[in-house]
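Here is what each chain is made of, one letter per residue.
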Amino acid sequence: MSSQPHIALPWIVRRTRLPLLSLRCVDCPAETATTGEGRFRVNANGKLLDVWLLVHCVSCDRTRKLAVHERVPVRTLDPAVLDGYHANDPALVAALLLDPLFARRNRFALDWTGAWRLLVPVPWVEAGWPVQVEVVLEDPVPIRPDRLIAQTLGLSRNEVARRVKSETSLRRPATTGFTFTVLPAD
């Protein structure tokens, strides 16, 4: 058994689509909305602007507006950002949805179910033990490390608790990358 852990290629958590929003619809009993392609509505009233992100109920397709800016002077907005609102820039939509202050102000939570995937390099079957793995999150996707490791390696969560060592808490959702070491089975 080697004294140094074998460094494996990183596991990469990549967003596949924008997350759904946990947001109650006013017309139907659904509690989920989507940004779809991601569209903004910009409304000018004199020298003041209102900017909203449009979301749609997944059941009845009712459109709802989430306030991005309300009654702000045009000059206070960065021209590049304002152009992004007019062009419905997907990167601007994603950045806005991932902003916790925007979510709190508009009273919604993100539902990441099915919105990400894990890219894992070739298994380390022939590698020596212990094995060190670095998990890289390209977006702040909240994942439970113990569930991710158990599902990916085919271990029970009790076995993960016994065999996996990490400075990051394995039982709390992580939104940033972390490293862990898998020890050999006894």
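Let us look at the structure shown here. (Residues numbered from 1 in each chain as written. Predicted model: local features only at pLDDT ≥ 70, side-chain atom pairs only at ≥ 80, totals over all residues. Heavy atoms only, no water.)

Our focus in this paragraph is the sheet that holds strand β7 (residues 109-111). Overall, antiparallel pairing links the 5 strands, which are arranged β6-β5-β4-β3-β7 in an open sheet. In this open sheet, the two strands that pair with only one neighbour each are β6 (63-73) and β7. Strand-to-strand, the axes of this sheet are offset by a mean angle of 40 degrees, without reference to chain direction. The sheet strands contacting helix α1 (residues 79-87) are β4 (32-45), β5 (48-57) and β6, and the helix crosses β4 at an angle near 120 degrees. (Pairing = 2+ DSSP bridges. Helix = DSSP H or I, 4+ residues; strand = E, 2+ residues; numbered from the N terminus. Axes fitted to C-alpha atoms, helices over the stretch in contact; angles between N-to-C directions. Contact = heavy atoms within 4.5 Å.)

Where strand β2 (residues 11-15) meets strand β9 (residues 131-137), 3 bridges bridge the pair, whose relative direction is parallel. When the bridges of β9 are listed, Trp-11 appears paired with Val-135. Note: β2 against strand β8 (residues 116-119), 4 bridges, orientation antiparallel. Bridging across to β8, Arg-14 finds its partner in Arg-117.

Moving on, we come to the side chain of Asp-139. The residue Asp-139 is located in the loop between β9 and α4 (145-153) in this model. Ignoring sequence-local partners within four residues, the contact set of Asp-139 consists of Arg-15, Leu-98 and Thr-175.

The next thing to look at is the packing of aromatic side chains. Scanning the entire structure with this criterion turns up 4 aromatic pairs. For the pair Phe-102 and Phe-108, a centre-to-centre distance of 5.7 Å together with 70 degrees between the ring planes defines the contact as edge-to-face. Here Phe-102 falls in the buried class, since its relative accessible area comes to 0%. Each residue in the set Trp-11, Phe-178 and Phe-180 is aromatic and connected to the rest through ring pairs, giving one cluster. Here the guanidinium or amino end of Lys-65 rests over the ring plane of Trp-52, the centre of that ring lying 4.2 Å away. (Phe/Tyr/Trp six-rings, centres within 6.5 Å; stacked < 30°, edge-to-face > 60°. Buried < 20%, exposed > 50% of the residue type's maximum accessible area, 1.4 Å probe, protein only. Lys NZ or Arg CZ within 6 Å of the ring centre and 35° of its normal.)

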